[in-house]
Amino acid sequence: MSIPGLGDLAPAAAPVVTSSSAAAPTITEVLEPFWEYRFEVPHGSTLDIKLVSGTAEKDGTELAPNTTYTFTAMKSKINTWHGCTLEISSPSGNYDAYTSEPTADETPMVSYLNLHFKLEAFRTAAQKAGQTGPRVLVVGPPNSGKTSLVKMLTGWATRMGRQPLVINTDCREGMLALPGSLSAAVFATIIDITTDWGSTPSSGPSAVPVKLPLVYNYGLGQPEENMRLYKRVLSRLAVTATSRLAEDPDVKTAGLLIDTGGVNVSKGGYDHIAHIVAEFSVNIVLVIGSERIGSEIQKKFAGQKTSLDEPITVVSLDKSGGVVERDTGFLQQVHEAAIKEYFFGDSNTTLSPFTQQVDFSALSIWKINPASASATLDDDIYSDAMLEKIEPSLMIQNCVLSVNYASIHDSADTIRDSNVMGYVYVAEVDEKRRKLKILAPVNARLGDRPLLWGSWPEPMVSLLG
Amino acid sequence: MSNESESEAVAQDFRDALEDLQSFDRTEISTLTVIARENTEHAHAISGALQDHIKRVIPQKKLPALYVLDSIVKNVGTPYTLYFGRKLYQTFMDAYASVDMPTRRKMDEMLRTWKGPVAGSLDTRPVFPPDVTRPIENALIKARTAHLQAQQKHQQGQQQLLGRSRPASQGVPYRETPTPPGFHPPSQANGYPAQPPVPTSSGPSYGSSSQLPPTTYPPHSSQPQPTRSTPQPTPGLMAFHPPQLGGYGAPQAGISIDALNNDIQRLITASKAQIALNPHDPSIQTRLKALVDLQTILQTQNLPQDQLVLVKNQIADLAVTIKAPPSQTPTPTPVPQPQPQPAPVAVAPPPTAAPKVSLDSLFGAGTLAALMARNSVTPQASAPYHPPAPVAIHTPPPPPQPKPVEPKKPVTTHPPPPPSDPMALMNMLRQAGLLPGTAPASSSTPVSHATPSNSFPVAFNIPPTIPVVQHVRPSTLEGLTSDIVLRASSLKQFRPQLLPFLFESLGPQCTQCGRRFPKDEEGKKKKTAHMDWHFRVNQRIAEAEKRGQHRSWLVDEVDWIKTREIVDTDYVAPSGDSNSASGGSASKEPQLQYIPVPDDPSLANSVCSICQEKFETRWLDQQQEFVWPDAMKVGEKIYHASCYKEAFKDGGNTPVYSRGTPEPVTGKRKAELDDERHGRNDAHAM
């Protein structure tokens, strides 16, 4: 394949599994339409990918031609609709990659794409009628490619000039926020494909427009750990998101794209899914990668209507064959990388956080409790038990705490409902001198902001090491 | 950032701007010159980018790019002359080889100017030293001789070469040539490789079409020719009958659309020639645009007779005013664009240029509106004006995978804009630039057919059609997606006709981030703003690295709800930059007064010391930080700028520390000082 004006392309070389030599040999991969270049780069290794010709995208966002993208700590893929040639090199470390060669009939990408265009048609219709665009929820078992699908739909929508409001209800992972949070952000600009979702604002400029998330700290790893708290936080997120939707016509038209954590089939964890559907008036539920979940969800929502009196459509989708298991070790590394990135920036931007010593007395720390076994879901007596004010102790050492938009004088309920202003990391607890050493993104006192401490993300020992 | 990558970034910007260079737009050329001037430290990269560009682009775009080179060497001079000089022979000759005759004349002229000093300059040295220009001249003389000989041979039994024939052969009218020049990129006749004229996939259909004109021609030339009654600029022009219009030659009673078309085509040709002569005259540019728009309308819409009369009269008037270009122009200059041939297929909405503006400038205000209004009222009139002939010839190349064809799709004799639907027409107009937004909402079938997965390289190969095609969206996305049902089986069906909506229809990519921008005016504006933004951000990144950065606090719920995403529009705040603004900013309308949101959370809830109201937090994309608009800091107190002005307007002597012009650096330092103070306090407290 050659393109006049762009020079002849080297013939495709067989993918090499590892390369760690200093010379970093460049491999040329020629992909035909619908093929995917799937790669896994471990932490500490980097992989450079450059689009030489044709078109290619990663999770719905197009690669710029002749621009080198450097990936690290990522398991993902580059796909193409027209065919493309990629130049791949690994300047440091190793990586694993292969080319998947499905046809149009085989790849689930076609379904995703059609889905996008259907959503686009809904958005156009909504725009004309001045109504709210589609509210789409993606559900599926763990490791079925839910987030990738959400990202793809986001990327495609953005490319067509839409501004979808993306909502992450997966408390295990963060979207533009640290794990343990539920967040929302409008995506009107391109997503930095070398990162998960892009980066949040810093004091400096960013080569890829930053996204501004709205973040709430749930602080636990599973919705089931404290379902009442999860729902409370989620409802709060829904209220704010819906207000934005109501006030921002561009966002309203584009609608919502909602990501969820993996549904555990055996536990039948549809409770919070139903809550999400109700709170966000979801009218399209995409079930990816599980017939069982698909049929159960179908049953659950059959005949139901949203609060806007639209029917709820449940669509089953195949999962991509490229979806890989991200084991706990990998995920932990991802979480730690996210925390590190929050304070210190990434390879493109170096951020300087500030350490400061604080008196125990100057802080107001609230612990997010998992639900006690005795508490039943709708039992309001336990309301206050969700948050508990604690004295700083060695327990919070190496933990990440959220700083919330509330006052230390506010009630536990208000604090629980408040959104996250940022995070601090507790580097050291000196119980004798009653002092804490904390790392904050901004060099400033925390004033009268309360700090929330949950068990998720897990303590990270190595941040300042 | 290393110098190399910076150079690369600058070159990238430059390259991108070049991509947009369509014609002889003076402002574009001078913008590029300014960029080159301001980045002389990256001259090597820039000159490399420009040389590559000249080499790479289609013949029609070479001349504009050469003008850029010309402008840079004349206005900036060294070091560019040095860099360009090295490869000038190659650059020039490559381009010369692939362009048509009128363009070559331009290039000859250009070369001539390079041999002397810059006009009006005190420097008496030639633009390029003789040892650079002489080899080119020698080569050209040789080539001309050879060409002339070849020419004579060809004339005996051959046709093809007319497009670039020397004046001697100009008398030969095109209609005697089996293959009208319009079908061939100029390069072909020269035996230069260049691009195949048509996408390979559509080879057969185009191939046959190029054979057709001889047959369609006779009726055309025997037509009653109101054409002739129009004042003819030159005999040369008269000789030129755009062959592609021949296909439409259904003779009409009254005013023939074809005749009008011919007239317009001739005027377009003449205008192009004028542009070529005088590339810096925006008025010709405007006129050309208007003509092209009008041509499009005529070819795709059907206007009642009275409207045609109006148009015809205007055309006649115009024809008088357009001066006959010098004798070399009879050759149809394929230079700028409108290969009118694909037009009937592709061009529904007047392409890109906000047609209202240009048409109005040409025919007086409201003309277009009148035409359109008329048209939407009498949509049915369409049929007779579209004889089946064009279909045979111009049906877009069949889609590579003619999958499920939608019932709605115009597979038909009608040009894509469904003429029976006034709404669709208005929509198209909207997309053509009369109304912003909604662009992706709808798009073209036939066109998308031509371009989609046809495999990419091919798409690159059909420069003449692509530009016209790209922003044309005769049928809507809604129509195309109506058969998609939210069920697994329906979703699994691949619909290649949809793909262009995410790719080609969106326009070419930004080379820095991969975003696509339409090629219409709106898109261009956006892209310029976008490139500005990249440029500024890159600059600021370099600055920021020295300064040290930190993560910002997020906003609270209320501010988040109030936030509006900023895409491009706000990038167009040219005064924000310290390097460019210092002079002009003072005279401008009141600037946005703001201060960065204090990092200190205890200050973050500050209220205006005058009105006691909270400040509103906004994300200022341009500065990439959160700010309080309409805020100012006086000493330690923060006020609403408006409150402060109100309160202190009489006492002009109050020392005011305001940050009218964005000065992120000082602002930041201020904030950081505050922070440090707090930090020290903490330290003391220990």
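Residues numbered from 1 in each chain as written. Chains lettered and ligands numbered in written order. Predicted model: local features only at pLDDT ≥ 70, side-chain atom pairs only at ≥ 80, totals over all residues. Heavy atoms only, no water.

The name that an unreviewed UniProt entry assigns to chain B is CID domain-containing protein, with the source organism given as Daldinia eschscholtzii.

Taking an unreviewed UniProt entry as the reference, chain A is identified by name as Polynucleotide 5'-hydroxyl-kinase GRC3 belonging to Daldinia eschscholtzii. Its UniProt record gives chain A the following Subcellular location (unreviewed entry) comment, quoted word for word: "Nucleus". (UniProt positions renumbered as here; feature names shortened; annotations may be inferred.)

Visitor: Just checking my understanding: could you explain the overall build of chain A for this structure?
Guide: Counting secondary structure elements, chain A contains eight helices and 25 strands. The buried share of chain A, taken over its 465 residues, is 61%. Contacts in chain A between residues at least 24 apart in sequence constitute 74% of all its contacts with a sequence separation of at least 6. (Helix = DSSP H or I, 4+ residues; strand = E, 2+ residues; numbered from the N terminus. Buried < 20%, exposed > 50% of the residue type's maximum accessible area, 1.4 Å probe, protein only. Contact = heavy atoms within 4.5 Å.)

Visitor: It is not clear to me how the side chain of B:Arg551 should be interpreted in this structure. Could you clarify?
Guide: Within the secondary structure layout, B:Arg551 lies in the loop between α28 (521-547) and α29 (557-562). Here B:Arg551 falls in the buried class, since its relative accessible area comes to 3%. Of note is the side chain of B:Arg551, whose polar atom sits 2.8 Å from the backbone oxygen of A:Thr200. Side-chain polar atoms of B:Arg551 contact the backbone oxygen of A:Glu341, separated by 2.8 Å. Not counting chain neighbours up to four residues away, the residues in contact with B:Arg551 comprise A:Ser199, A:Thr200, A:Pro201, A:Ser202, A:Glu341, A:Tyr342, A:Gly345, A:Leu351, A:Pro441 and A:Val442. (Polar contact = N/O pair within 3.5 Å; in protein donor to acceptor, adjacent residues only side chain to side chain.)

Visitor: Sorry, what's going on with the pairing of strand β17 (residues 284-288) of chain A here?
Guide: Looking along a regular strand, one sees side chains alternate from face to face of the sheet. All names here are of chain A. Along β17, five of the five residues are buried, which leaves the element largely enclosed by surrounding structure. Burial along β17 is two-sided: the residues Ile284, Leu286 and Ile288 and Val285 and Val287 are all buried. Looking at chain direction, strand β12 (residues 135-139) and β17 are connected through four bridges and run parallel. Its bridge partner lying in β17, valine 139 is registered against valine 287. As paired strands, β17 and strand β18 (residues 313-317) are joined by five bridges and run parallel to one another. If you follow valine 287 over to β18, its bridge partner there is serine 316. After leaving β17, the chain enters helix α6 (residues 291-301) and then returns to the sheet as β18, a path that is right-handed. (Pairing = 2+ DSSP bridges. Right-handed = clockwise from strand over helix to strand, strands pointing away.)

Visitor: Explain the confidence of the model for chain A to me, please; I cannot follow it from the model alone.
Guide: Predicted coordinates in regions of low pLDDT should not be interpreted in detail. Taken residue by residue, chain A gives an average pLDDT of 87. The fraction at 70 or more is 91%. For chain A, per-element mean pLDDT is lowest for strand β2 (residues 7-8) of chain A, which scores 34, and highest for strand β13 (residues 165-168) of chain A, which scores 97. (pLDDT = per-residue confidence, 0-100.)

Visitor: Just to check I follow, could you spell out the packing of helix α3 (residues 227-247) of chain A against helix α5 (residues 271-279) of chain A for this structure?
Guide: Two quantities define a packed helix pair, namely the angle between the helix axes and the distance between the axes. All names here are of chain A. The interhelical angle for the contact between α3 and α5, taken along N-to-C directions, is 20°, at an axis separation of 10 Å. Our classification of the angle between α3 and α5 gives roughly parallel. As for the relative orientation of α3 and α5, their crossing is right-handed in sense. Within the contact between the two elements, α3 uses Met227, Tyr230, Lys231, Leu234, Ser235 and Ala238 and α5 uses Asp271, His272, His275, Ile276 and Glu279. Its residues assigned to classes, the contact of α3 with α5 shows five nonpolar, three polar and three charged. (Axes fitted to C-alpha atoms, helices over the stretch in contact; angles between N-to-C directions. Parallel < 35°, antiparallel > 145°, perpendicular 65-115°, else oblique. Left-handed = near helix turned anticlockwise from the far one by under 90°. Nonpolar A, V, L, I, M, F, W, Y, C, P; charged D, E, K, R; others polar.)

Visitor: What is the right way to look at helix α6 (residues 101-115) of chain B in this model?
Guide: Side chains three or four residues apart in an α-helix point the same way, a direct result of the helix having 3.6 residues per turn. Residue and element names in this part refer to chain B. Look at α6: 21 Å from first C-alpha to last across 15 residues, which is about the 21 Å you get at 1.5 Å a residue. Counting buried residues in α6 gives 11 out of 15 residues, a clear majority hidden from the surface. Looking at α6, one finds that the buried residues are Met101, Pro102, Thr103, Arg104, Arg105, Lys106, Met107, Asp108, Met110, Leu111 and Trp114. (Expected span 1.5 Å × (residues − 1).)

Visitor: Quick question: what am I supposed to make of the UniProt feature "binding site: ATP" (unreviewed entry) in chain A here?
Guide: All names here are of chain A. In the UniProt entry, the feature "binding site: ATP" (unreviewed entry) is given for Glu36, Lys75, Asn143, Ser144, Gly145, Lys146, Thr147 and Ser148. Looking at the element boundaries, threonine 147 is found in helix α2 (residues 146-159). Given a relative accessible area of 25%, threonine 147 falls into the partly exposed group. In contact with threonine 147, not counting residues within four places along its chain, are Trp197 and Asp259. Structurally, serine 148 can be placed in helix α2.

Visitor: Quick question: what am I supposed to make of the sheet that holds strand β5 (residues 625-629) of chain B here?
Guide: Residues and elements named next belong to chain B. With respect to topology, three strands assemble into an open sheet ordered β3-β5-β4, the strand pairing being antiparallel. The sheet terminates laterally at β3 (594-596) and β4 (618-620), the two strands that pair on one side only. On average, adjacent strands in this sheet sit at an angle of 50° to one another, irrespective of strand direction. Pairing of β3 with β5 involves three bridges; the strand directions are antiparallel. Along β5, the bridge assignment pairs isoleucine 595 with tryptophan 628.

Visitor: What is the right way to look at the pattern of salt bridges in this model?
Guide: Two side chains that carry opposite charge are able to pair once their charged atoms sit near each other. Enumeration according to the criterion identifies 31 salt bridges over all chains in this entry. For B:Glu8, the salt bridge is made with B:Arg15, and the minimal N-O distance between the two is 3.5 Å. Exposure remark for B:Glu8: the relative accessible area of 38% places this residue in the partly exposed category. Several salt bridges share partner residues, and in doing so they unite A:Arg244, A:Glu247, A:Asp248, B:Arg564 and B:Glu565 into one network. (Salt bridge = Lys/Arg side-chain N within 4 Å of Asp/Glu carboxyl O.)

Visitor: Hey, could you run me through α5(A) in this one?
Guide: Residues and elements named next belong to chain A. If you check which residues of α5 are buried, you get His272, Ile273, His275, Ile276 and Val277. In this fold, the buried residues of α5 make contact with β12, α3, β16 (256-259), β17 and α6. Just downstream of α5, serine 281 is the residue with a positive phi angle, here 50°.

Visitor: Explain the interface of chain B and chain A here, please?
Guide: Quoted interface sizes are often the accessible area lost when the parts come together. Tallying the contact residues gives 78 residues for chain B and 104 residues for chain A. Summing both partners gives a buried area of about 8,100 Å² for chain B against chain A, and 62% of it is carried by carbon and sulfur. In this structure, the connection of chain B to chain A is made through seven salt bridges. A:Asp248 serves as the salt-bridge partner of B:Arg564, at 3.6 Å between the closest nitrogen and oxygen. Looking at the side of chain B that touches chain A, the element that brings in the most residues is α28(B), giving eight residues. Counted by class, the side of chain B that touches chain A contains 36 nonpolar, 21 polar and 21 charged residues. (Buried area = accessible area lost by both parts, 1.4 Å probe.)

Visitor: Help me out: how do you make sense of the nonpolar core in this one?
Guide: Inside soluble globular proteins, nonpolar side chains tend to come together where they are buried. Membership of the largest hydrophobic core comes to 81 residues, with the highest contact counts inside it found for A:Leu137, A:Leu165, A:Ile167, A:Phe280, A:Val285, A:Ile297 and A:Tyr423. Ranked by residues supplied to this core, first place goes to α3(A) with nine residues. (Core = buried A, V, L, I, M, F, W, Y, C linked by side-chain atoms within 4.5 Å.)

Visitor: What is the right way to look at the state of the cysteines in this model?
Guide: A covalent bond between the sulfur atoms of two cysteines is what we call a disulfide. Residue and element names in this part refer to chain B. Inspection of every chain in the model, using the stated rule, returns zero disulfides over all chains. Not part of a disulfide, cysteine 510 finds its nearest cysteine sulfur in cysteine 513, a span of 3.8 Å. Classification of cysteine 510 by relative accessible area gives buried; the value is 0%. For cysteine 513, a relative accessible area of 12% puts it in the buried group. (Disulfide = S-S within 2.5 Å.)

Visitor: When you look at the sheet that holds β16(A) in this model, what are you seeing that I'm missing?
Guide: To summarise the sheet geometry, strands pair through backbone hydrogen bonds and adopt either a parallel or an antiparallel arrangement. Residue and element names in this part refer to chain A. In spatial order, the strands read β15-β14-β13-β16-β12-β17-β18; together these seven strands make up an open sheet with mixed pairing. Edge strands, defined here as strands with exactly one partner in the open sheet, are β15 (213-217) and β18. Averaged over all adjacent pairs, the angle separating strand axes in this sheet is 15°, with direction ignored. Here four bridges tie β12 to β16, and the two strands are oriented parallel to one another. Each residue of the ladder has a partner; that of leucine 137, found in β16, is isoleucine 258. Strands β12, β16, β17 and β18 of the sheet are contacted by helix α1 (residues 109-129), whose axis makes an angle of about 175° with β17.

Visitor: Would you mind going over the packing of aromatic side chains with me for this structure?
Guide: The tally for this structure, following the rule as stated, stands at 15 aromatic pairs over all chains. Relative to B:Phe84, the ring of B:Tyr80 has its centre 6.2 Å away and its plane inclined at 25°; by these criteria the two rings are stacked. Note that B:Tyr80 and B:Phe84 are positioned in helix α5 (residues 80-98) at a spacing of four residues, about one turn of the helix. Neither residue differs from the other here; B:Tyr80 and B:Phe84 are each classed as buried. Ring plane angle 70° and centroid distance 5.8 Å describe the contact between B:Phe92 and B:Trp114, whose orientation is recorded as edge-to-face. Placement of B:Phe92 in helix α5 and of B:Trp114 in helix α6 is noted, with a sequence separation of 22 residues between them. Neither B:Phe92 nor B:Trp114 differs from the other in exposure class; each is buried. Put simply, the rings of A:Phe34, A:Trp81, A:Trp156 and B:Phe494 pair up and form one aromatic cluster. Positioned above the aromatic ring of A:Phe330 is the side chain of A:Lys75, whose terminal nitrogen or guanidinium carbon lies 4.5 Å from the ring centre. (Phe/Tyr/Trp six-rings, centres within 6.5 Å; stacked < 30°, edge-to-face > 60°. Lys NZ or Arg CZ within 6 Å of the ring centre and 35° of its normal.)

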